[in-house]
Amino acid sequence: MKQLRFIYPFAVLMIIAVISNAQQQSTDWPVLKTYDQEHIQKIKMPVGGIGTGTISLTGRGSLEDWEIMNRPAKGFNPTLENWGPVKEKGPFFAIFIEDGDGHTYTRLLEGLPDESEYESSNGALANQIGLPRFGHTEFKAAYPFGQAVLSDDVLPVEVVVGAFNPLIPGDVDNSSIPLAILNYTVKNTSSKDITISLSGTIQNFIGFDGNRGQAIKNINTIREEDGLKGIHYTSNGVDPESEQWGTMSLVSLNEGQTTYRTAWQKKTGRWDKKRLDFWDDFSEDGVLEPRENDEANAPMGSMAVKTSLKAGEEKNFRFLIAWHFPNRQTWDKPGFQKMIKATVGNYYTTKYDDSWDVITKTLPQIDVLEDKTKVFVNSLINSDLPEEVKESALFNLAHLRTQLAFRIKTGQMLGWEGTFDDRGSCFGSCTHVWNYEQTTAFLFGELAKTMREVEYKYATDDEGLMSFRAYLPLDSARVWGKAAADGQMGCVMKFYRDWQLSGDDEFLKEHWPKVKKSLEFCWIPGGWDADKNGVMEGSQHNTMDVEYFGPNPQMGFWYLGALKASSEMANYLGDKKFATTCDQLLTQGSAWMDANLFNGEYYVQHIQPPMSVDNVAASLMGATGKDGIDLTSPDYQLGEGVLVDQLVGQVFAHLVGLGYLANEDNIKQTTASIMKYNYVDKMYSHANFHRSYAMGEESALLMAAYPGERPEKPFPYFTEVMTGFEYTAAIGMLQEGQTADGLKCIRNIRDRYDGKKRSPFDEAECGHHYSRSMIAWAGVLASTKFHYSAVEKSMSFTSAPGKYFWSNGYSWGTCEVKNKEAVLTVLSGKLELNSFSLEGVGTKKLNGNTIQASEAVTIKL
């Protein structure tokens, strides 16, 4: 108890210091890209931690898509009461201004609404559409920092609305805080002193997630303690076991006169004028008068801070929104009868008692976390990487912090393939989709290892069959009971990658028996490679949501990569016999693919129908959830097509230092052929018979092209465009020295997500924030030729002069290459190296040198 008494006052002093600092700090946040007013309307930048859910900062400066209750909620801007024909929805912040001449102004702290929402049967539909706002906006971003810059010719102020959440590679807990940090930087642009007041309003919607549940007897409480001032949102009526039960908090860290409303007025008469009453009250003097409303199940909560600004003065106002919703449920997938209902919880809620506790525990370190986040982002965006590579890698990192991914109470991370508007898209951490994703492993290695734990400890049976969708709870992970060829082989390569990056031999030893067994599963009767010749011919369920029959490059290169990775691991563990088997199959399979599948320009599929169900292992039938395939003449094959990601296994092999899996010249020719045949300069000239993710004058890489014969019914997505596959091809081009083509393809993707047509933080495939697009981080790896092995304690880079960012999932920093030397800096974590290499220059032995955080060493080769 004595110890507690000494710690507590220090924590309070830290909080007070942070609060007093908050208004003095300048938001010198990094900026990678600026969007003008014509390119802001689709911007929604998710703000929140890994596995916590998010609130989105829009390009206009508003807060929308309140996805904090364990499920996606696109378009949910909480307003639970119908106030007449005008839809007065959404939390909002506003500013009151009294200038030096006594004129007053009240504005939403937002820019102009999207013109596409101007028309409906009841007029415009945009949030808070009738309220006055700023006339001009631009948006500046370098994820996780976003800033809407507001100005208006009539007003004596300029305001920057900023939001972020700490994001620090290798620091999982501090990158997983359920918190939105809001900065409102107000500058007095006049020559006279002015008075201002900033207000924030959030309804207590606990109990309703935008689609399900109900707010019942919710309560807003003013809390002023330990230097904090704010509103704490709770419920006395929502079931404490429900997924929508929890707490929220809105806190001000600002000096000035603070006033509150824990409710808005009751409805009186025929027409409800709550909003008018609030606006009139706030517009009078910037001070909120209390209201009572004991009838509201979902009461509004508002707070305002009033202060003054001298002529030309700029002041920063910081608000925090925290949340805590502990009762995450298992996967929710309509139509799947085997789905098990149970509470699996949230790991983040084990760290805090409630949302107020989130703030009290985070606040003492918030300035340090902000600085570390800035160091990370600045190190990346100031590096000598192509702009499109930096943008695609950094902005797609936002996906990891949405409802796409979550950590259950026991700490394992799982994920949907993507997110639909109000539910997850395609459950189970689908292996054949998450195989592509490289962001987690290279930035948060410990989280990647938990995904491998799910795959091998829980989802793989004793015969080596890995359910490519893992059920929850984890003891039910194998219920799916179907294997995917690409998914299972890719998991072997991911396991190898994560062992190499971590150097964790116990991790390898614990899971190796199942890793080995999952590869041996290829050789079962009726299996993928039943004749054990290094070539997959069997029924190969894959990421195209079909079964391929016969040898093809997509499965083939995944298989070759898995064989090579398994050989490396087996040799390390002394399993020489298994390593020899893998090596022999790799040699046979590689030679066969070059001789039989490479047609001089690219690799093709040889369609080989199994003819009878007796020739297909039972565990490989019906993996799509449907039977009835004509095994004598199956539809939905690739055939002679140019598949955009046919080299995905080769791309992965390069990323983890496994080298070429087939003839190098053939690989280079294939990447060139993908650009030759799959590239479409103007999508309006292309016939697409499935989903449209690129159109009009946009340029893209098609899923498949058919310069020659095409099956009557190819695989279903062959006319589509999907960014994760495009990145895969583009990164392959970068790896093979076809830099201009690779960058062109990446640039085309990012041009489509330009803020005007689509959000830069939401690359979609089967759902928003699609996980496959997080392969974009591999653009950093391919551009820098970065390789790291914690097993060998080795690191290598390109010898091209420049300053590059690097991260291995546990430590990170920069490497400046010049004239056969490198200055290697560790900015976080520590790095033990036995050797360091520059491609084409040489290798320097370092004898186990340990470089600590904030240290730099010069290495001459």
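Anything mentioned here points back to the structure above.
A brief look at the structure comes next. Since this is a predicted model, take the numbers as computed values, not measurements.

### Brief notes about the sheet that holds strand E3 (residues 54-58)
Strand order in this open sheet of three strands is E2-E3-E4, and the pairing throughout is antiparallel. Here the strands that pair on one side only, and so sit at the sheet edges, are strand E2 (44-47) and strand E4 (63-67). On average, each strand axis in the sheet is inclined to that of its neighbour by 25°, with strand direction left out of account. Relative to E4, E3 runs antiparallel, the two sharing three bridges. By the bridge assignment for E4, Leu-57 is matched with Leu-63.

### Some remarks on the sheet that holds strand E31 (residues 812-818)
On the basis of which strands lie adjacent, the open sheet formed by four strands has the order E30-E31-E32-E35 and antiparallel pairing. Both outer strands of the open sheet, strand E30 (802-807) and strand E35 (855-860), are each paired with one neighbouring strand and no more. Between one strand axis and the next, the sheet turns by 20° as a mean value, whatever way the strands run. Across six bridges, E30 lies against E31 in antiparallel orientation. The partner of Trp-806 across the bridge, within E31, is Gly-813.

### A few points about the state of the cysteines
One pass over the structure, following the stated rule, counts zero disulfides. The cysteine Cys-582 is free of any disulfide, with Cys-522 supplying the nearest cysteine sulfur at 9.7 Å. Free of any disulfide, Cys-766 has its nearest neighbouring cysteine sulfur in Cys-426, separated by 3.9 Å.

### Section: the packing of aromatic side chains
In this description, a pair of aromatic rings is defined by centroid distance and the angle of the planes. Per the counting criterion, the structure on display carries 43 aromatic pairs. Ring geometry for Phe-93 and Phe-319: centres 5.2 Å apart, planes at 65°, overall edge-to-face. In this pair, Phe-93 is assigned in strand E5 (residues 92-98) and Phe-319 in strand E17 (residues 314-324), connecting sequence segments 226 residues apart. Phe-93 sits in the buried class, given a relative accessible area of 5%.

### Examining the packing of helix H9 (residues 485-502) against helix H11 (residues 553-572)
Two numbers describe how H9 lies on H11: the axes approach to 8 Å, and their chain directions differ by 35°. Between H9 and H11 lies a crossing whose hand is left-handed. Taking contact as the criterion, the partners of Ala-485, Asp-486, Met-489, Gly-490, Val-492, Met-493, Phe-495, Tyr-496 and Trp-499 in H9 are, on H11, Met-555, Trp-558, Tyr-559, Gly-561, Ala-562, Ala-565, Ser-566, Glu-568, Met-569 and Tyr-572. Each residue belonging to the contact of H9 with H11 can be placed in one class, and the counts come to 14 nonpolar, three polar and two charged.

Calculation criteria
Residues numbered from 1 in each chain as written. Predicted model: local features only at pLDDT ≥ 70, side-chain atom pairs only at ≥ 80, totals over all residues. Heavy atoms only, no water. Pairing = 2+ DSSP bridges. Helix = DSSP H or I, 4+ residues; strand = E, 2+ residues; numbered from the N terminus. Axes fitted to C-alpha atoms, helices over the stretch in contact; angles between N-to-C directions. Disulfide = S-S within 2.5 Å. Phe/Tyr/Trp six-rings, centres within 6.5 Å; stacked < 30°, edge-to-face > 60°. Buried < 20%, exposed > 50% of the residue type's maximum accessible area, 1.4 Å probe, protein only. Left-handed = near helix turned anticlockwise from the far one by under 90°. Contact = heavy atoms within 4.5 Å. Nonpolar A, V, L, I, M, F, W, Y, C, P; charged D, E, K, R; others polar.

Spatial relationships are all this shows, so hold off on functional conclusions.
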